[in-house]
Amino acid sequence: MLPGGLTSGGGGRGGGLCLLRWLGLRLWSRRGTLVFALLWFGSWLFLNGLVLVHRSILSDYCTDDKSKRILQRLCLEFGEGSVTGDMCQDLCVLGLVEYKRCLYYENGKKVIEARWRGKPVILKSKLENFSSYEPLGILDYQQDTAEDLSALDVVFYATLEVRNSLGLAEEEEGERGEGGGGSNGSLAKLWGEKLKISDKSYFDRAELSSLWALLQQEEYTFLRVLQDLSSHVAKVLGSCGHFYAVEYLSAGHAWDQNIFSLDEVEVSGLQDQNRGRWSAREMVHRIALSFLDMVWHFDNDFTHKLHLCDIKPENFAIRKDLTVVAIDVDMAFFEPKMRDILEQNCSSDDDCNFFDCSSRCDPVKRRCSPHRSNSNLQVICEKIFRPWFSPTLLGAKAGLPLQIELQQAVQECSETEGGEDKTEEDRGGRDVHQHLVSILNRLLQEGGESGERVGSWEGKEHVHTALNF
């Protein structure tokens, strides 16, 4: 019996023709599948090419020439007395700021790599031109009335802008935490010498205009607020006009199995005296502990919980002591602002997702809950820890008891969601957090760490810091 129900006898030439047709159909089917696959691959290449063209041509250019012209315009404004800052003299007069390259430029946001007095820094501005920022209206009022603007006035207006940027309402001042202090005290610590209260009037128009342009940039405000309160955010080093400089740190990458470049970590003390330099796996474990420290810090050490809504390797970096640092905080929000963002109209839970922050839809009210249903820890377990501690990367070590326990704990952590009972949710998150800390410390002990150094994180005290503005 032949395919198609044909027999070898009696059919003769008719049967042979049917056989040839069947074979031709099979060949065409295989050829068609191959053609379809090639067409699909070609379409994929074409669409990705369009995306690249849009990013590099149709969107804003990230070129050295344009970046240098932007800085030259800034220096021209400094020469005219329109802007100022502690970095302007070095940038525009002394030549102590060396341009290196443009890192990012889209929708006006500019990110430039440079060297300031021999040290690498990152220059940032949300908008390209100083004139694009809203002016401080009281300066025009002051000019019309010929009245002096006091330092207390500056504190008042800066306080309002900071509150607005961070989403901290005035009536919430001092509502949580104990040792908060008043808004003047907080801002004096926040702005340091810039807003020091004194008897003389604060009439430097360029300084006020520059400060006002900086305050309109949420990321600057966020970093400037937290840099004296947290080791887990990038530090602002200086500013000129609407541009500000932050410390240069090498960002993580999803394609790197360790996420961070561990070859650059060379600091005295980051090695065991008996065994020499730490292995890459030991450094990963210490970085994971720093991630957990950061999560605990953001959840518990401020007046309001701090939510990270865009968690990916590129938004974090490590210092040379392996401290994890949040370097892109455009999508970081304190609890009051997080509630405002989440509480929207909805028809399903999918409508209640805001990047990595999500809540649940109330089918009766058709409104999203203002309370986040997932957590910073859960998303970090899902997006950072699971790839790190996957059996594929661990290889032969994946079957070791502690590694299996770690994988199970990470899996449990990534699947844990919050509920309506916030106390129960916090308790559950705390248990998962402590379980991960315990496993990672035991892994470091297995790797040869001394008990004193391993236990340093568990004994670390977190001092509550009230952000009362």
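None of the values given here were measured: they were computed from a predicted structure.

**Points about the nonpolar core**
Judged by nonpolar contacts, the single largest core of 69 residues is most densely connected at Phe222, Phe291, Phe385, Trp388 and Leu436. Setting aside chain neighbours within four positions, we find Leu436 in contact with Leu292, Leu377, Cys381, Phe385, Leu406, Ala409, Val410 and Cys413. Within the second largest apolar cluster, 24 residues are counted, among which are Phe78, Val83, Met87 and Tyr105.

**Looking at the pairing of strand β2 (residues 109-116)**
By the criterion of burial, β2 is predominantly enclosed, with seven of the eight residues buried. Of the pairings in the sheet, the one linking strand β1 (residues 97-106) to β2 comprises eight bridges and is antiparallel in character. Within the sheet, the bridge partner assigned to Val97 lies in β2 and is Trp116. Connecting β1 to the next strand, β2, in antiparallel fashion are two residues, including Asn107 with a positive phi near 55°. When β2 meets strand β3 (residues 119-125), the two strands line up antiparallel, connected through seven bridges. In the sheet register, Ile112 faces β3, and the bridge partner there is Leu123. Between β2 and the antiparallel strand that follows it, β3, lie two residues; Arg117 among them carries a positive phi value of about 50°.

**So, the pairing of strand β4 (residues 236-240)**
The buried fraction of β4 amounts to four of the five residues, a majority that puts the element mostly inside the structure. Both β4 and strand β5 (residues 243-247) contribute to a ladder of four bridges, which runs antiparallel. Looking at β5, one finds that Cys240 is bridged to Phe243. Linking β4 back to β5 in an antiparallel pair, the connection comprises two residues, with Gly241 at a positive phi of about 60°.

**Let's talk about the packing of aromatic side chains**
Within this structure, the stated rule accounts for 13 aromatic pairs. With centroids separated by 5.3 Å and ring planes inclined at 70°, the aromatic side chains of Phe291 and Phe316 adopt a geometry described as edge-to-face. Pair noted here: Phe291 is in helix α9 (residues 280-300) and Phe316 is in strand β9 (residues 316-318), with a separation of 25 residues, a long-range link. Judged by its relative accessible area of 2%, Phe316 falls in the buried class. A network of ring pairs unites the aromatic residues Phe260, Phe291, Phe316, Phe385, Trp388 and Phe389 as a single cluster. For Lys110, the ring lying beneath its charged end belongs to Tyr105, and the centroid distance is 3.9 Å.

**Some details on the confidence of the model for the protein**
Looking at the protein as a whole, its pLDDT mean stands at 79, while 67% of the residues score no less than 70. At the level of individual helices and strands, the protein shows its lowest average pLDDT in helix α15 (residues 451-454), which scores 40, and its highest in helix α3 (residues 88-92), which scores 98. For the stretch residues 1-9, pLDDT sits under 50, and the model shows five contacts to residues farther than four places along the chain or on other chains. The model gives residues 449-459 a pLDDT under 50, and that stretch makes 22 contacts with residues more than four places away or in other chains.

Thresholds, definitions, all that
Residues numbered from 1 in each chain as written. Predicted model: local features only at pLDDT ≥ 70, side-chain atom pairs only at ≥ 80, totals over all residues. Heavy atoms only, no water. Core = buried A, V, L, I, M, F, W, Y, C linked by side-chain atoms within 4.5 Å. Buried < 20%, exposed > 50% of the residue type's maximum accessible area, 1.4 Å probe, protein only. Contact = heavy atoms within 4.5 Å. Helix = DSSP H or I, 4+ residues; strand = E, 2+ residues; numbered from the N terminus. Pairing = 2+ DSSP bridges. Phe/Tyr/Trp six-rings, centres within 6.5 Å; stacked < 30°, edge-to-face > 60°. Lys NZ or Arg CZ within 6 Å of the ring centre and 35° of its normal. pLDDT = per-residue confidence, 0-100.

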